[in-house]
Amino acid sequence: MRHPRTLLSASLGLGLGLAAALGAGPATAATAIHSAHSPAANSPAAAAPSSYAAYEGSSEDAKATKAFFDAVVKSVADKRAANPGAKAVTVVYSTTNAPSFRSQISQSTQIWNSSVSNVKLREGSVADFSYREGNDPRGSYASTDGHGRGYIFLDYQQNQQYNSTRVTAHETGHVLGLPDHYSGPCSELMSGGGPGTSCQNAYPDAQERARVNALWAGGLAAAIARVS
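Conventions adopted
- Residues numbered from 1 in each chain as written.
- Predicted model: local features only at pLDDT ≥ 70, side-chain atom pairs only at ≥ 80, totals over all residues.
- Heavy atoms only, no water.
- Helix = DSSP H or I, 4+ residues; strand = E, 2+ residues; numbered from the N terminus.
- Buried < 20%, exposed > 50% of the residue type's maximum accessible area, 1.4 Å probe, protein only.
- Salt bridge = Lys/Arg side-chain N within 4 Å of Asp/Glu carboxyl O.
- Pairing = 2+ DSSP bridges.
- Right-handed = clockwise from strand over helix to strand, strands pointing away.
- Disulfide = S-S within 2.5 Å.

So, the environment of Val73
Moving on, step 1. Position of Val73 among the secondary structure elements: in helix α1 (residues 59-79).
Moving on, step 2. When its relative accessible area of 3% is taken as the criterion, Val73 is described as buried.
Moving on, step 3. Sequence-wise, Val73 and Phe129 are 56 residues apart; in three dimensions their C-alpha atoms are separated by 9.8 Å.

Some thoughts on the pattern of salt bridges
Moving on, step 1. Considering all chains together, one arrives at two salt bridges under this definition.
Moving on, step 2. A salt bridge links Glu123 to Arg102; its shortest N-O distance comes to 2.9 Å. Highlighted residues: Glu123 in strand β2 (residues 119-123) and Arg102 in helix α2 (residues 102-115), separated in sequence by 21 residues.
Moving on, step 3. We classify Glu123 as partly exposed; its relative accessible area is 35%.

Notes on the pairing of β2
Moving on, step 1. The pairing of strand β1 (residues 89-97) with β2 spans five bridges and is classified as parallel. Paired with Val92 across the two strands is Arg122, which belongs to β2.
Moving on, step 2. The parallel pair β1 and β2 is bridged by α2, and the resulting crossover is right-handed.

Digging into the state of the cysteines
Moving on, step 1. The full count for this structure, using the stated rule, is one disulfide.
Moving on, step 2. Note that Cys186 is cross-linked by a disulfide to Cys199, the S-S spacing being 2.0 Å. The sign of the 85° torsion about the S-S bond sets the Cys186-Cys199 disulfide as right-handed. Of this pair, Cys186 sits in the loop between α4 (164-175) and α5 (206-216) while Cys199 sits in the loop between α4 and α5, and the two are 13 residues apart along the sequence.
Moving on, step 3. Since its relative accessible area comes to 27%, Cys186 is described here as partly exposed.
Moving on, step 4. For Cys199, a relative accessible area of 4% translates into the label buried.

Read these as spatial facts, not as claims about activity.
What follows is the structure, encoded as structure tokens:
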């Protein structure tokens, strides 16, 4: 759930960013009410508040988000080429570069895997995308590294200001094809920080669940067709 701006909003509009310049302290396991888009309370980053209220996307963010989703789909497609008609697709992720957020990422994975049936998330060594952590003035976001590999960046400070599991689940929603919708209510996961720091919901609503299932229905062929 990125405040400053979003990365995935073109086409499938995937974006809700958490940003901060890599380096500050780690985030705690989503205990703070304002931790879904910010750093740990005991981290150096927590001392310097950011302009997290700016929840406006940009064309640049939209392109980065779209590139991120395309990279994830391509990675999964390359690995599953031998089984193009798969009804359920598995997207593999790595938490190696986001050790402080492993608890939130695990919770986010459980939430999504229990919410949708046509695509599943799993941690593994041969990853389709990765999570990273640190400080970035933009907040949390989803993007690519310039070499066709997608990653989700989790900003320390944003994860202190917002419910951290919500932030992580929101950003992971971009992996699955959902766009940002900051004007939505707290019950809508992709509304990100729009409802304010008091929002604790980390679950996608019925419409968001249906959209993800529809996107991945029929396996990779359907997902690729929708982003091409």
